[in-house]
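# Chain and residue survey
Here's the letter readout for the chains.
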Amino acid sequence: MNAPDRYERFVVPEGTKKVSYERDTKIINAASFTIEREEHTVGNVLRMQLHRDPNVLFAGYKLPHPLQYKIIVRIQTTSQSSPMQAYNQAINDLDKELNHLKDIFETYNQAVNYASLSNHSY
Amino acid sequence: MGVDNSLNLEKFCENFKVEVIDIKDEESSGTDWDKENSIEFDMVGIDASLANAFRRILIAEVPTMAIEKVLIANNTSVVQDEVLAHRLGLIPIKVDPRLFEYKSENDAATEKNTIVFKLHVKCGKDSTRLTVKSDQLKWLPGGSELPMAAADSSSKIKTYTSFSCSQDSLPEFSNNPITPAYPDITIARLRSGQEIELEAHVVKGLGKTHAKWSPVSTAWYRMLPEVVLLQDVRGENAEELVKKCPAKVFDIEDG
């Protein structure tokens with residue numbers, strides 16, 4: 001009865017931004033990014049990538065409530081970088097890594113198909 | 001700042017490897033009733049969070065086609081309408097979802113976003129029970145045949161779908177008709193005199209919306225541990241070590 005519609009998990013409603021940014025008032029170089037309609041699939045991978053950046057002092061994500069479909073990613077960096085920079089860098093690097101992953105799978109797939117076509121007789 | 005992460009990219013490209021360990025598909029599995037479709041592969045050089053993301057995406061975010069709307073003309077079986085519709089929704093359909101577009105509530109049902117199946121079964125007057133199996137779902141390439149109640153007396157009868165061309169004429173479907181993935185799924189059982197007549201509309205969707213659209217029965221991952229012996233183990237100790245491990249991980253190397 002109170003359950004939200006299933007499409008709410010991934011459809012961003014009109015007027016809501018997908019990503020919003022809030023600086024932390026009490027700590028310098030710390031900020032929170034709120035990503036709408038995403039969950040652990042994206043949050044955990046982003047957090048892992050942020051940990052690899054040596055300028056990031058703190059990186060974590062949480063789902064404030066399982067029925068509210070958004071994640072909050074909190075980043076604190078050293079003074080050499082800023083949370084915005086760290087976030088953008090992490091996303092760009094993830095993009096490149098995943099593209100590479102996709103290429104390797106595709107070449108493998110083609111190689112396997114080639115091999116199986118020569119083995120099987122149709 | 002960004003320098004270290006780009007070095008990571010090169011290291012990632014060097015270290016990353018995929019190895020397929022096992023593929024079981026229809027050709028390799030022998031018996032009819034034990035058809036397994038599975039693939040097992042190792043990924044070397046990625047983090048657990050990526051593997052988990054892979055798993056979550058396979059379960060919830062790869063689109064497939066499944067029956068969404070069922071228009072029931074006649075159902076005198078013991079299976080209730082909604083139970084029958086639920087069962088029909090869970091039947092996997094053998095079609096490439098990339099050939100179709102998503103359909104939202106207000107969109108018209110066209111040949112690009114809908115597939116129509118028809119089921120019309122009647123159990124005869126003799127006493128043997130009839131089991132309705134999924135191979136009795138007949139594909140209607142021309143769209144819906146049930147007429148909508150139209151007040152106007154125009155010559156064109158409006159049905160529940162508006163196909164501009166028959167799906168038969170598309171090159172992908174001209175020689176292979178669309179069918180359910182397995183022909184032997186029991187849908188309902190009928191007694192003599194009972195009849196089911198319905199039309200089912202198949203639509204593209206994601207596992208996130210409903211599990212019937214999930215393409216995998218399951219997907220899982222585990223980390224492969226690497227065992228490194230800090231010291232050489234020789235002689236009697238070596239034989240004891242081999243015996244002790246229940247998974248038979250160790251092996252004795254001569255010399």
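Since we're looking at a predicted model, the values are computed, not measured. (Residues numbered from 1 in each chain as written. Chains lettered and ligands numbered in written order. Predicted model: local features only at pLDDT ≥ 70, side-chain atom pairs only at ≥ 80, totals over all residues. Heavy atoms only, no water.)

## A short note on the interface of chain B and chain A
Note the threshold: Only heavy atoms matter for contacts: two residues are in contact if any of them lie within 4.5 Å across the pair. By definition, the buried area sums, over both parts, the 1.4 Å-probe accessible area that each loses when the two are put together. By salt bridge we mean one thing: a side-chain nitrogen of Lys or Arg within 4 Å of a carboxyl oxygen of Asp or Glu. Polar contact is the term for a pair of N or O atoms within 3.5 Å; when the atoms are in protein, one must be able to donate a hydrogen and the other to accept it, and sequence-neighboring residues count only if both atoms are side-chain atoms. The way it works is that DSSP assigns letters per residue, a run of H or I at least four long becomes a helix, a run of E at least two long becomes a strand, and they are numbered from the N terminus. We call Asp, Glu, Lys and Arg charged. Ala, Val, Leu, Ile, Met, Phe, Trp, Tyr, Cys and Pro are nonpolar, and the rest, Gly among them, are polar.
On the side of chain A, 29 residues touch chain B, which itself brings 29 residues to the contact. A combined buried area of about 2700 Å² lies between chain B and chain A, and 64% of that area is made up of carbon and sulfur atoms. In this structure, the connection of chain B to chain A is made through 1 salt bridge. Counting across the interface, chain B meets chain A through 5 residue pairs in polar contact (both at pLDDT 80 or more). Only helix H1 (3–15), strand E1 (17–24), strand E2 (38–44) and helix H2 (48–60) of chain B provide two or more residues apiece to the side of chain B that touches chain A. In terms of residue count, H1(B) provides more of the side of chain B that touches chain A than any other element does, 7 residues in total. Class assignment for the residues of the side of chain B that touches chain A results in 15 nonpolar, 7 polar and 7 charged.

## Remarks on the sheet that holds strand E7 (residues 138–139) of chain B
Residue and element names in this part refer to chain B. Quick note on the threshold: One requirement defines pairing of two strands: DSSP has to find at least two bridges between them. In this analysis, axes come from line fits to C-alpha atoms, helices being fitted only over the stretch in contact, and the angle between any two N-to-C directions falls in the range 0 to 180 degrees.
The 4 strands are arranged E3-E10-E5-E7 in an open sheet whose pairing can be described as antiparallel. Two strands lie at the open edges of the sheet, namely strand E3 (64–75) and E7, each paired on one side alone. Note: strand E5 (residues 115–122) against E7, 2 bridges, orientation antiparallel. Bridge pairing in E7 links Lys118 to Lys138. Across the sheet, helix H3 (residues 81–89) is in contact with E3 and strand E10 (195–205); its angle to E3 comes to roughly 150°.

## As for the side chain of A:Glu38
Residues and elements named next belong to chain A. Note the cut-off: Residue exposure (1.4 Å probe, protein chains only): buried if accessible area is under 20% of the type maximum, exposed if over 50%, otherwise partly exposed.
Its location among the elements puts Glu38 in the loop between strand E2 (30–36) and helix H1 (40–51). Residue classification places Glu38 among the buried positions, given a relative accessible area of 19%. Separated by 3.2 Å, the side chains of Glu38 and Lys18 make a polar contact. Every residue in contact with Glu38, bar those within four places of it in the chain, is listed here: Lys18, Tyr69, Lys70 and Ile71.

## A closer look at the sheet that holds E2(A)
Residues and elements named next belong to chain A. Strand order in the open sheet formed by 4 strands is E1-E2-E4-E3, with antiparallel pairing between adjacent strands. At either margin of the open sheet sits one strand with a lone partner, and together these are strand E1 (19–23) and strand E3 (56–62). Within this sheet the neighbouring strands show an average axis-to-axis angle of 15°, counted without direction. Pairing between E3 and strand E4 (residues 70–77): 6 bridges, direction antiparallel. Bridged to Gly60 within E4 is Arg74. The strands that H1 touches are E2, E3 and E4; relative to E3, the one it contacts most, it runs at about 170°.

## Concerning the UniProt feature "domain: DNA-directed RNA polymerase RBP11-like dimerisation" (unreviewed entry) in chain A
Counted only if it meets this: UniProt positions are given in the numbering used here, feature names are shortened, and annotations may be inferred rather than shown by experiment.
The sites that carry the UniProt feature "domain: DNA-directed RNA polymerase RBP11-like dimerisation" (unreviewed entry) are, in the present numbering, residues 31–103 of chain A. As annotated, residues 31–103 of chain A comprises 45% helix and 29% strand, and the C-alpha atoms at either end are separated by 34 Å.

## Describing the pattern of salt bridges
Going through the model one piece at a time under the given rule, you end up with 15 salt bridges over all chains. Between A:Arg37 and A:Glu36 there is a salt bridge, with the nearest N and O atoms lying 3.5 Å from each other. One exposure class covers both A:Arg37 and A:Glu36, and it is buried. The salt bridge partner of B:Lys118 is B:Glu145, with a shortest N-O separation of 3.9 Å. Highlighted residues: B:Lys118 in strand E5 and B:Glu145 in the loop between E7 and strand E8 (179–180), separated in sequence by 27 residues. The class of B:Lys118 is partly exposed, set by a relative accessible area of 30%.

## Structural notes on the UniProt feature "coiled-coil region" (unreviewed entry) in chain A
The feature "coiled-coil region" (unreviewed entry), as given by UniProt, occupies residues 84–111 of chain A in the numbering adopted here. With 100% helix and 0% strand, the stretch residues 84–111 of chain A has end C-alpha atoms that lie 41 Å from each other.

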